[in-house]
Amino acid sequence: MDFSLSDEEQLFQKTVHDFLKDNLAPIARDIDNDHRIPEKLLHGMGEIGLLGATIPEKYGGQGGSITMATLGAMEIGAADPSMATAVYYLLVTGWSHLASKLGTEELRQSLLPKVAAGREFLGIATTEPGGGSDLAAMKTNAKREGKRLILNGEKIYISGVSEAKRMGGGHLTLMKTDPSLKHKGLTFAYVPINSKGIETTVLENMGRMGISTGIVSYRDVDVVKENIIGEYNRGFFHAMAGFNYARTLVSAACVGAAQWALEVGAEYIKRRSAFGSTLARYEGVSFEFADLAVQVEMVRNQVMKAATLLDAYDSGKNVPMKDINIAVSASKLTAPPLALDTIKKVMMWHGALSYTKDTYLEMAMRGILSYVVGAEGALNIMRLVIVRDLLGPEFLPYR
Ligand SMILES: Cc1cc2nc3c(=O)[nH]c(=O)nc-3n(C[C@H](O)[C@H](O)[C@H](O)COP(=O)(O)OP(=O)(O)OC[C@H]3O[C@@H](n4cnc5c(N)ncnc54)[C@H](O)[C@@H]3O)c2cc1C
């Protein structure tokens, strides 16, 4: 498989790298402390085409590839290892990509230019208090009333609740529209957070403090037909397609954070001395470094493979969906734990210094953990997808 970058992708990567080095890396700690990504930064990300990377040009984006968006995610994960900016980016990028493919023309025109400019937020709302992995068991429901849906229920652990309220925007929301059909009776629709009948509560997280996570309650909320994504009752399948984009970007951000940690670690072990020699001369440390460098490169290749397959699929090539599902799930299964492991080992090399806020390592560990415990899909769910697509659906435990 050819992972060489086109001229356009290389230029995009350099532009993004330079922009983030000057505008994001110096304020990553402030974002964590202030619990807020500055709007000036989001507008700047919009201006260089980072937020609209894959949104078609006629809706204000760059019309770029998923590979481009993946390169952007790696750069952001390295510049703000708290993950807050990466979360913002991958949500608006992954889910606007789906909206630009499956949304109505009205929705594309009204939403995508603002999202691409960093002036409105777009996220995803599937998880409920009863659980996030078993989507077919969800309780949030919508009843048809004329051409509208009337939405009732509650979602939890939803990223970007405060951002959407403050900036405008909302979430692609999964709702039960035919309870008798289980996962074949779900519909996916854009729900602006400032709609009548919505109440929100913000939860207190342990990490990625620059972006909020909260509860969204719906009471008789109107969902207009223009906001339905794809086909009525096909929402489960549309959401799964969207997760393939978003999980690739999550994995890329984790690779970026792991690479960043490795570079911080390399700098430190080359200059810190103990017992008359630098740490990098002790094999107990340098072999760990070598193993991590190899693993980061392997996972980077896995993520690039997922992005390449998604681009091939998007451009109409005959790519088996199983190959995409496996490549994406393998990325989400390996990248967050590897980033966590890398950060932890680099902390060990730093000794007591790593337990202070004089490095970004503790902030990175708090942020990455969100992707290990569940955000954008639990790791065992990645394993279930791989089992289903390699062994066959008859080997899933719940059949
Ligand atoms: C910081 C953060 C932000 C988030 N943002 C969003 C968001 O924006 N939108 C949104 O919709 N959700 C969001 N989530 C929720 C996330 O999608 C869920 O955490 C995830 O889907 C898992 O659901 P759960 O946490 O309810 O765990 P559960 O589904 O209850 O699972 C608990 C554990 O059981 C395991 N498990 C479940 N089923 C099986 C099985 N069949 N076999 C083996 N093991 C199994 C899982 O791997 C997991 O470890 C966020 C989560 C976090 C932590």
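Since we're looking at a predicted model, the values are computed, not measured.

J.: Please provide a residue-by-residue account of the overall build of the protein chain, values included.
T.: Across its full length, the protein chain carries 12 helices and nine strands. The C-alpha radius of gyration of the protein chain comes to 21 Å, within 12% of the 21 Å expected for a compact globule of 399 residues. Once the C-alpha set of the protein chain is aligned to its principal axes, its extents read approximately 80 × 50 × 40 Å. Across the protein chain, the fraction of contacts at a sequence separation of at least 24, relative to all contacts at a separation of at least 6, is 73%.

J.: Kindly report on empty space enclosed by the protein, identifying the contributing residues and their values.
T.: Within the structure shown, the criterion is met by one cavity of 30 Å³ or more. What the largest cavity holds in volume is close to 40 Å³. For the largest cavity, the full set of lining residues is His171, Thr173, Val191, Pro192, Ile193, Ile198, Val216 and Tyr218. Breaking the lining of the largest cavity down by element, the ones donating at least two residues are strand S4 (169-176), strand S5 (186-192) and strand S7 (213-223).

J.: If you had to explain helix H8 (residues 235-271) to someone new, which residues and values would you point to?
T.: Residues lying three or four places apart along an α-helix face the same way, a consequence of the helix completing one turn every 3.6 residues. Here H8 is 37 residues long and its end C-alpha atoms lie 54 Å apart, about the 54 Å a rise of 1.5 Å per residue gives. Counting buried residues along H8, 28 of its 37 residues qualify, which places the element largely inside the surrounding structure.

J.: Please provide a residue-by-residue account of the nonpolar core, values included.
T.: If you look at the biggest cluster of nonpolar residues, it comprises 105 residues, and the most contacted ones within it are Tyr88, Trp95 and Phe188. Ranked by residue count, the leading element in this core is H8, at 17 residues. Those residues in contact with Tyr88, other than ones at most four positions away along the chain, are Ile37, Leu42, Leu51, Gly118, Glu120, Phe121, Met167 and Ile211. Grouped together as the second largest cluster of nonpolar side chains are 11 residues, Tyr245, Ala306, Leu309 and Leu310 included.

J.: Before we move on, can you summarise the pattern of salt bridges with the specific residues and values?
T.: Considering all chains together, one arrives at 15 salt bridges under this definition. Salt-bridge contacts for Asp314 lead to Lys101; the nearest nitrogen and oxygen are separated by 2.7 Å. Of this pair, Asp314 sits in helix H9 (residues 283-314) while Lys101 sits in helix H5 (residues 84-102); the two residues are 213 residues apart in sequence, bridging distant segments of the chain. Overall, Asp314 belongs to the partly exposed group, its relative accessible area being 28%. Owing to a relative accessible area of 36%, Lys101 belongs among the partly exposed residues under this scheme.

J.: Please set out the site of the ligand residue by residue, giving values where relevant.
T.: For the ligand, the set of nearby residues contains 18 residues, the closest of which are Ile124, Thr126, Thr127, Ser133 and Tyr157. One of the side-chain N or O atoms of Ser133 is found 2.6 Å from an oxygen atom in the ligand. Contact distances for the ligand include 3.0 Å between a nitrogen atom and a side-chain N or O atom of Asn380. Summarising the interface, the protein chains cover 67% of the accessible area of the ligand, which totals 980 Å² for the free molecule. Elements with a minimum of two residues in the shell around the ligand: strand S1 (121-125), strand S3 (148-159), helix H11 (361-373) and helix H12 (379-390). Of the residues belonging to the shell around the ligand, the class tally is eight nonpolar, nine polar and one charged. Both of domain 2 (123-227) and domain 3 (235-395) provide at least three residues apiece to the shell around the ligand.

J.: Before we move on, can you summarise unusual backbone geometry with the specific residues and values?
T.: Despite not being glycine, Met83 shows a phi value in the positive range, around 80°. Inspection of the secondary structure puts Met83 in the loop between helix H4 (66-79) and H5. One non-glycine residue, Glu376, lies in the positive phi region at around 65°. You can see Glu376 is positioned in the loop between H11 and H12. A relative accessible area of 12% places Glu376 in the buried class.

J.: Before we move on, can you summarise the packing of H8 against helix H10 (residues 321-350) with the specific residues and values?
T.: Between H8 and H10, the least distance of the axes is 8 Å, while the angle of their chain directions is 25°. With respect to H10, the axis of H8 lies roughly parallel. Note that H8 runs across H10; the crossing there is left-handed. In the contact of H8 with H10, the residues fall into 19 nonpolar, eight polar and two charged.

J.: Can you tell me about the pairing of S3, naming the residues and giving the values?
T.: With five bridges joining them, strand S2 (residues 141-145) and S3 adopt antiparallel strand pairing. Bridge assignment links Asn141 to a residue of S3, and that residue is Asn152. The loop that links S2 with its antiparallel partner S3 comprises two residues; one of these, Gly146, has a positive phi angle of about 65°. Pairing of S3 with S7, which is carried by eight bridges, proceeds in the antiparallel orientation. When the bridges of S7 are listed, Ser159 appears paired with Thr213.

Each value, and the rule that gives it
Residues numbered from 1 in each chain as written. Predicted model: local features only at pLDDT ≥ 70, side-chain atom pairs only at ≥ 80, totals over all residues. Heavy atoms only, no water. Helix = DSSP H or I, 4+ residues; strand = E, 2+ residues; numbered from the N terminus. Rg over C-alpha atoms; globule rule 2.2 N^0.38 Å. Contact = heavy atoms within 4.5 Å. 1 Å grid on protein atoms, 1.4 Å probe; cavity = no way out; pocket = protein on both sides within 12 Å on 5 of 7 lines; lining within 4 Å. Points joined across faces, edges and corners; volume = space filled by probe spheres on them. Expected span 1.5 Å × (residues − 1). Buried < 20%, exposed > 50% of the residue type's maximum accessible area, 1.4 Å probe, protein only. Core = buried A, V, L, I, M, F, W, Y, C linked by side-chain atoms within 4.5 Å. Salt bridge = Lys/Arg side-chain N within 4 Å of Asp/Glu carboxyl O. Near = heavy atom within 4 Å. Polar contact = N/O pair within 3.5 Å; in protein donor to acceptor, adjacent residues only side chain to side chain. Areas by Shrake-Rupley, 256 points an atom, 1.4 Å probe, with all protein chains shown as cover. Nonpolar A, V, L, I, M, F, W, Y, C, P; charged D, E, K, R; others polar. Domains from an automatic or database assignment. Axes fitted to C-alpha atoms, helices over the stretch in contact; angles between N-to-C directions. Parallel < 35°, antiparallel > 145°, perpendicular 65-115°, else oblique. Left-handed = near helix turned anticlockwise from the far one by under 90°. Pairing = 2+ DSSP bridges.

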